[in-house]
Amino acid sequence: QVQFVESGGGLVQPGGSLTLSCQVSTSIFTLGLMGWYRQAPGKQREFVASSDSNGDTAYVDSVQGRFTISRDNAKKTVTLQMNSLKPEDTAVYYCNYVPPNNAYWGQGTQVTVSS
């Protein structure tokens with residue numbers, strides 16, 4: 001079983017910043033791909049960012065240059081630093097962990113960007 005502890009969501013004004021954190025309970029964290037997805041009301045869940053075990057990253061075009069994903073293998077933690085937030089970033093953000101032959105999801109944390 002893989003367990004997640006997600007935190008850092010909340011309400012922020014446009015242009016503000018938030019940092020999401022996800023700690024994963026697994027003995028093979030260093031071998032897995034970590035990512036963040038989000039789902040807005042009435043919309044499909046979409047990919048946001050990912051980081052492999054070497055720290056190589058990928059982002060969806062809409063957050064490129066504003067969001068930064070990073071991981072600490074010793075602490076088994078992945079973070080998503082979100083800057084210059086826009087109302088369209090409002091969504092539930094989900095931590096994703098993909099070890100060989102499996103995929104796991106966190107419970108999600110709400111991010112609301114509104115004035």
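Everything here concerns the structure above.
Residues numbered from 1 in each chain as written. Predicted model: local features only at pLDDT ≥ 70, side-chain atom pairs only at ≥ 80, totals over all residues. Heavy atoms only, no water.

**Q** In this structure, what is going on with the overall build of the protein? I would like to understand it.
**A** When its secondary structure is counted, the protein shows zero helices and eleven strands. Counting from the amino terminus, the protein carries its helices and strands in the arrangement β-β-β-β-β-β-β-β-β-β-β. In terms of overall dimensions, the protein is globule-like: its C-alpha atoms have a radius of gyration of 13 Å, near the 13 Å expected for 115 residues. Counting only C-alpha atoms and orienting by the principal axes, one finds that the protein spans roughly 40 × 25 × 20 Å. Within the protein, the fraction of its 115 residues that count as buried is 38%. Sequence-distant contacts in the protein: of pairs separated by 6 or more residues, those separated by 24 or more amount to 52%. Of the roughly 6100 Å² of accessible surface on the protein, 46% is carried by carbon and sulfur atoms. Distance between charge centres in the protein, computed from 8 positive and 8 negative side chains, equals 4 Å. (Helix = DSSP H or I, 4+ residues; strand = E, 2+ residues; numbered from the N terminus. Rg over C-alpha atoms; globule rule 2.2 N^0.38 Å. Buried < 20%, exposed > 50% of the residue type's maximum accessible area, 1.4 Å probe, protein only. Contact = heavy atoms within 4.5 Å. Areas by Shrake-Rupley, 256 points an atom, 1.4 Å probe, with all protein chains shown as cover. Lys, Arg positive; Asp, Glu negative; His and termini not counted. Charge placed at Lys NZ, Arg CZ, Asp CG, Glu CD.)

**Q** Help me understand the pairing of strand E5 (residues 46-51) in this model?
**A** Every other side chain in a regular strand lies on the same face of the sheet, so the side chains alternate between the two faces. Alignment of strand E4 (residues 33-39) against E5, held across five bridges, turns out to be antiparallel. Its bridge partner lying in E5, tyrosine 37 is registered against phenylalanine 47. Taking the residues that link successive antiparallel strands as the turn, the E4-E5 hairpin has six residues, and the phi of glycine 42 there is positive, at about 75°. Across three bridges, E5 lies against strand E6 (residues 57-59) in antiparallel orientation. In the strand pairing of E6, serine 50 is matched with alanine 58. Counted between consecutive antiparallel strands, the loop separating E5 from E6 contains five residues, among which glycine 55 sits at a positive phi close to 90°. (Pairing = 2+ DSSP bridges.)

**Q** Mind showing me how you'd approach the sheet that holds strand E3 (residues 18-25) here?
**A** What holds strands together in a sheet is hydrogen bonding between their backbones, with the strands either parallel or antiparallel. Strand order across the open sheet formed by four strands is E1-E3-E8-E7, with antiparallel pairing between neighbours. Looking at strand neighbours, the two that pair on one side only are strand E1 (3-7) and strand E7 (67-72), the edges of this open sheet. Pairwise comparison of adjacent strand axes, ignoring direction, gives a mean angle of 15° for this sheet. (Axes fitted to C-alpha atoms, helices over the stretch in contact; angles between N-to-C directions.)

Any functional reading would require information beyond the geometric quantities listed.
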